[in-house]
Amino acid sequence: MNKRKILVPLGNKSYAVKIEAGILNNISTELLKIGIKSNRKILVISNEEISNLYIEEFLKDLKGSNFEAQICLIKAGESHKNLETLSEIYNVAFEFGLDRNSLMIALGGGIVGDITGLAAATWLRGIEYIQIPTTLLSMVDSSVGGKTAVNHPKGKNLIGAFHQPKAVFIDPETLKTLPKREFNAGMAEVIKYGVIKDKSLFEFLENEKNKNKLTNLENKSLIKIINNSIKTKSHIVSEDEKEHGIRAILNYGHSFGHVIENLCGYGEFLHGEAISIGMKIAGDIALEKGLWSKEESTRQENLIESYGLPTQIPKINKENILTILMGDKKVRNGKMRFILPKGIGEVDIYEDIEDALFLKYFS
Ligand code: GLY
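Attention in this report is confined to the structure presented alongside it. Computed from a prediction, not measured in an experiment: that's the story for all the values here.

Let us now look at the side chain of Lys 233. Mapped onto the elements of the fold, Lys 233 is located in helix α9 (residues 219-239). The buried category is assigned to Lys 233, whose relative accessible area is 4%. Filtering out sequence-adjacent residues up to four positions away, Lys 233 remains in contact with Val 140, Asp 141, Ser 142, Val 144, Gly 145, Tyr 193, Arg 247 and Leu 250.

The buried fraction of strand β6 (residues 128-133) is high, at five of six residues. Sheet topology note: the strand β5 (residues 103-108)/β6 ladder contains six bridges and is parallel. Residue Gly 108 lies in a different strand from β6, and its bridge partner there is Pro 133. Handedness of the β-α-β unit built from β5, helix α4 (residues 110-122) and β6 comes out right-handed.

Moving on, we get to a negative patch on the surface. Taken together, the side chains of Glu 351, Asp 352, Glu 354 and Asp 355 define an acidic patch exposed on the protein surface. The residue Glu 351 is located in the loop between β11 (346-350) and α14 (355-359) in this model. Assessed through its relative accessible area of 41%, Glu 351 is described here as partly exposed.

Taken together, the residues surrounding the ligand are Asp 141, Lys 147, Lys 233, Glu 243, Arg 247, Leu 250 and Asn 251. Within the side chain of Asp 141, a nitrogen or oxygen atom sits 3.0 Å from a nitrogen atom of the ligand. In this structure, an oxygen atom belonging to the ligand sits 2.7 Å away from a side-chain N or O atom of Arg 247. When the ligand sits alone it has 200 Å² of accessible area, and the protein chains cover 91% of it.

This next bit is on the sheet that holds strand β1 (residues 3-8). With mixed pairing, seven strands are arranged side by side in an open sheet as β1-β2-β9-β6-β5-β3-β4. Here the strands that pair on one side only, and so sit at the sheet edges, are β1 and β4 (68-74). Strand-to-strand twist of the sheet, defined as the mean angle between neighbouring strand axes without regard to direction, takes the value 15°. Direction of pairing for strand β3 (residues 41-47) relative to β4: parallel, over a ladder of seven bridges. Across the sheet, residue Ile 45 finds its bridge partner in β4, namely Cys 72. Against the sheet, helix α2 (residues 48-64) contacts β3, β4, β5 and β6, and its axis sits at roughly 160° relative to β3. Contacts from helix α3 (residues 83-96) reach β3 and β4 within the one sheet, and its direction differs from that of β4 by about 160°.

So, about α2. Compared with the 24 Å implied by 1.5 Å per residue over 17 residues, the 23 Å span of α2 between its first and last C-alpha is a close match. The principal kink in α2, of about 60°, is found at Tyr 54. Along α2, the residues that are buried comprise Ile 50, Ser 51, Tyr 54, Ile 55, Phe 58, Leu 59, Asp 61 and Leu 62. Along its buried surface, α2 packs onto α1 (27-33), β3, β4, β5 and β6. The distance from a side-chain oxygen at the start of α2 to the backbone nitrogen of Glu 49 is 3.2 Å, and the residue carrying that oxygen is Asn 47. Looking one or two residues beyond α2, the residue adopting positive phi is Asn 66, at roughly 70°.

Here we come to the pattern of salt bridges. This model, assessed by the stated rule, comprises 22 salt bridges. One salt bridge connects Lys 156 with Glu 78, and the closest N-O pair in it is separated by 3.2 Å. Placement of Lys 156 in strand β8 (residues 155-162) and of Glu 78 in the loop between β4 and α3 is noted, with a sequence separation of 78 residues between them. The two residues Lys 156 and Glu 78 agree in class, both being buried. Note that Arg 299 and Glu 206 form a salt bridge whose closest N and O atoms lie 2.8 Å from each other. Of this pair, Arg 299 sits in helix α12 (residues 294-306) while Glu 206 is found in helix α7 (residues 199-206), placing the two residues 93 residues apart along the sequence. Residue Glu 206 is classed as partly exposed on the basis of its relative accessible area, which comes to 24%. Here the salt bridges do not stand alone but share partners, grouping Asp 141, Glu 189, Lys 192 and Lys 233 into one network.

As enumerated under the stated definition, the model contains four aromatic pairs in all. Ring geometry for Phe 256 and Phe 338: centres 5.4 Å apart, planes at 10°, overall stacked. Pair noted here: Phe 256 is in helix α10 (residues 254-264) and Phe 338 is in strand β10 (residues 338-343), with a separation of 82 residues, a long-range link. For Phe 256, a relative accessible area of 2% puts it in the buried group. Ring pairs connect the aromatic residues Phe 256, Phe 338 and Phe 358, which therefore count as one cluster. In this structure, Lys 192 is placed above the aromatic ring of Tyr 193, and the distance from its NZ or CZ to the ring centre is 4.6 Å.

Criteria and cut-off values
- Residues numbered from 1 in each chain as written.
- Predicted model: local features only at pLDDT ≥ 70, side-chain atom pairs only at ≥ 80, totals over all residues.
- Heavy atoms only, no water.
- Helix = DSSP H or I, 4+ residues; strand = E, 2+ residues; numbered from the N terminus.
- Buried < 20%, exposed > 50% of the residue type's maximum accessible area, 1.4 Å probe, protein only.
- Contact = heavy atoms within 4.5 Å.
- Pairing = 2+ DSSP bridges.
- Right-handed = clockwise from strand over helix to strand, strands pointing away.
- Patch = residues over 30% accessible without salt bridge, like charges linked within 9 Å, V, L, I, M, F, W, Y side chains within 5 Å.
- Areas by Shrake-Rupley, 256 points an atom, 1.4 Å probe, with all protein chains shown as cover.
- Salt bridge = Lys/Arg side-chain N within 4 Å of Asp/Glu carboxyl O.
- Lys, Arg positive; Asp, Glu negative; His and termini not counted.
- Charge placed at Lys NZ, Arg CZ, Asp CG, Glu CD.
- Near = heavy atom within 4 Å.
- Polar contact = N/O pair within 3.5 Å; in protein donor to acceptor, adjacent residues only side chain to side chain.
- Axes fitted to C-alpha atoms, helices over the stretch in contact; angles between N-to-C directions.
- Expected span 1.5 Å × (residues − 1).
- Bend = angle between axes of the 7 residues up to and from the residue.
- Phe/Tyr/Trp six-rings, centres within 6.5 Å; stacked < 30°, edge-to-face > 60°.
- Lys NZ or Arg CZ within 6 Å of the ring centre and 35° of its normal.

The following block contains the structure:
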């Protein structure tokens, strides 16, 4: 199948995720289909790199259907995912006269999506927004589920809100211009879904033929893995939108990943690379605790590495690890919670992991 549609069922906040090659050229038609009339102003938020590739055609399409659209370019990179950039978006929103009936569109990767979501959640106490993710990582994870955020100097995504998008449109064609390293980083999140919930996806990813098709960016295979990933995410988010319980399993590999991103400096490792190492550490702890077998742990490690992702733990200062883990949003009532695998396709949340058990993985 060359197109898919997944519903994220959240009562009156429900929305559809459409995956289709070429959909980026027809966004105005999609907006009209979901009831967004052309008398509504649209602020499109993107960055220079993405804008150079797509914005001309994109704005032409919107204007062709009489939408009044304005572009707001933000600086690329994790170091710009902050309150200053958010404030720049508010300035443009004000100048453009964005009102309660207006709409924001995030066109780009996870940083553009997260910050646009937060801008939409807070501008005039909340307006609608659409996610159009252009990286694999944002397609399978951050564009769906309504987590929006910017970073605080003391930690990643500490300032944010839950604000669900009105719709998500995914065009796998945009992956053709994505640097290989970023594509691989996105595969880390896809592998995550295999380990936490979807054994058949894990096996699909292990298969050499499928690996070739994915590496060659064949649309059908890309659509399959994006669809599987979002289906799992949609189930989990609809059960636990605000992460009081089960949604935490989506953070598999992320606690250690955040430690690595933070202590190595944002930019040294891409998010997906850091969580690859995080999944390897979680896998090793699970092995030591007898939660899963050596064979399963090795399969996870091999799969991660086969998509060009790292599993070697970098040298980092041990002393800061606990501070970062305790400052993480995953801490509940002062207790750190870890997501550990019990088999391929099954994880659980543990609070009884002694510090020594994970600290020893860091030099
Ligand atoms: N990225 C994890 C979540 O959306 O819950």
